[in-house]
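# Examining the three-dimensional arrangement
Below, each chain spelled out in residue letters.
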Amino acid sequence: QVHVVESGGGLVQAGGSLRLSCVASGSIRSNVTTDWYRLAPGKEREFVARICSGMHTGNYADSVKGRFTSSRDNTKNTVYLQMNSLKPEDTAVYSCRAEITTIMRTTSSYWGQGTQVTVSS
């Protein structure tokens, strides 16, 4: 069984920074890819960033490019999303989706419960 948990959200003023964490635990063989998504009230879920195993750089939505950076620590099965220069429009629930290969050699996607990020103007 695999669990994914996000943390690090909170309330921050515009221009501030937050670092989100996405921790996977359980019967993990490898964490292949982790995507970050966000859901704001009244809007559709939006892709934010992706980082793949073995990569030191990620792919980012245009809306966050240059401000957000995703990184990973494979020894801790943790992926981070460093968010700088936050804007009120970044306010949303941020969730990670981890594509994980288990010790049974099956690969599936696992979602966390999300963490709220609120940016005040």
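Residue indices follow the written sequence of each chain, beginning from 1 at its first position. It should be noted that, the model being predicted, local features are given only for residues of pLDDT at least 70 and side-chain atom pairs only at 80 or more, the latter also being counted only at that level, while totals for whole chains, interfaces and linings use all residues. Working from all heavy atoms in the structure, the side-chain values ignore hydrogens and water.

## Here's the deal with the overall build of the protein
Here a helix means four or more residues in a row that DSSP labels H or I, a strand means two or more in a row labelled E, and each is numbered from the N terminus. Each helix and strand counted, the protein has 0 helices and 11 strands in total. Counting from the amino terminus, helix and strand elements in the protein follow one another as β-β-β-β-β-β-β-β-β-β-β. For the radius of gyration, the atom set is restricted to C-alpha positions; the globular benchmark scales as 2.2 Å times the number of residues to the power 0.38. Over its C-alpha atoms the protein spans a radius of gyration of 14 Å, differing by no more than 12% from the 14 Å that the globule rule assigns to 121 residues. Any residue under 20% of the maximum accessible area for its type is buried, any over 50% is exposed, and the rest in between are partly exposed; the area is computed with a 1.4 Å probe on protein chains only. Counting the 121 residues in the protein, one finds 42% classified as buried.

## Things to note about the sheet that holds strand β3 (residues 18-26)
Strand pairing requires that DSSP identify at least two bridges connecting the strands. Strand order in the open sheet formed by 4 strands is β1-β3-β8-β7, and the pairing between neighbours is antiparallel. Edge positions in the open sheet fall to β1 (2-7) and β7 (68-73), since each of these has one partner strand only. Neighbour-to-neighbour, the strand axes of the sheet open up by a mean angle of 15°, direction not taken into account. Judged from the 6 bridges that link them, β1 and β3 form a sheet pairing that is antiparallel. Its bridge partner lying in β3, glutamate 6 is registered against cysteine 22. Whenever a helix is involved, its axis is fitted only over the stretch in contact; in every case the axis is a line through C-alpha atoms, and angles between N-to-C directions fall within 0 to 180 degrees.

## As for the environment of cysteine 22
Following the sequence through the fold, cysteine 22 ends up in strand β3. In sequence terms cysteine 22 and tyrosine 37 are 15 residues apart; their C-alpha atoms lie 12 Å from each other. Among residues more than four places away in sequence, those in contact with cysteine 22 are Val4, Val5, Glu6, Thr34, Trp36, Asn77, Thr78, Val79 and Cys96. Here a residue-residue contact requires only that any non-hydrogen atoms of the pair lie within 4.5 Å.

## Remarks on the state of the cysteines
Defined by distance alone, a disulfide is two cysteine sulfur atoms within 2.5 Å. If you walk through the whole model with that rule in mind, you get 1 disulfide. Between cysteine 22 and cysteine 96 runs a disulfide, and the two sulfur atoms are separated by 2.0 Å. Judged by the sign of its S-S torsion, about 75°, the bond between cysteine 22 and cysteine 96 is right-handed. Of this pair, cysteine 22 sits in strand β3 while cysteine 96 sits in strand β9 (residues 92-102); the two residues are 74 residues apart in sequence, bridging distant segments of the chain. Residues cysteine 22 and cysteine 96 agree in their burial class; the two are buried.

## Some remarks on the packing of aromatic side chains
Pairing of aromatic side chains requires ring centres within 6.5 Å, counting the rings of Phe and Tyr and the six-membered ring of Trp. Pairs whose planes differ by under 30 degrees are stacked, by over 60 edge-to-face, and all others tilted. If you walk through the whole model with that rule in mind, you get 2 aromatic pairs. Ring plane angle 45° and centroid distance 5.3 Å describe the contact between tyrosine 37 and tryptophan 111, whose orientation is recorded as tilted. Remark: tryptophan 111 occurs in strand β10 (residues 107-111) and tyrosine 37 occurs in strand β4 (residues 28-39); sequence separation between them is 74 residues. Note on tyrosine 37: relative accessible area 18%, which makes it buried. On the basis of relative accessible area, tryptophan 111 is assigned to the partly exposed category, the value being 37%. Following the ring pairs from residue to residue traces out a cluster consisting of Tyr37, Phe47 and Trp111. If you follow arginine 19 out to its NZ or CZ, it ends over the ring of tyrosine 80, 4.1 Å from the centre. The residue whose ring lies beneath arginine 45 is tyrosine 37, and the NZ or CZ to ring-centre distance is 5.3 Å. Charge-over-ring placement is defined geometrically: NZ (Lys) or CZ (Arg) within 6 Å of the ring centre, and within 35 degrees of the ring normal.

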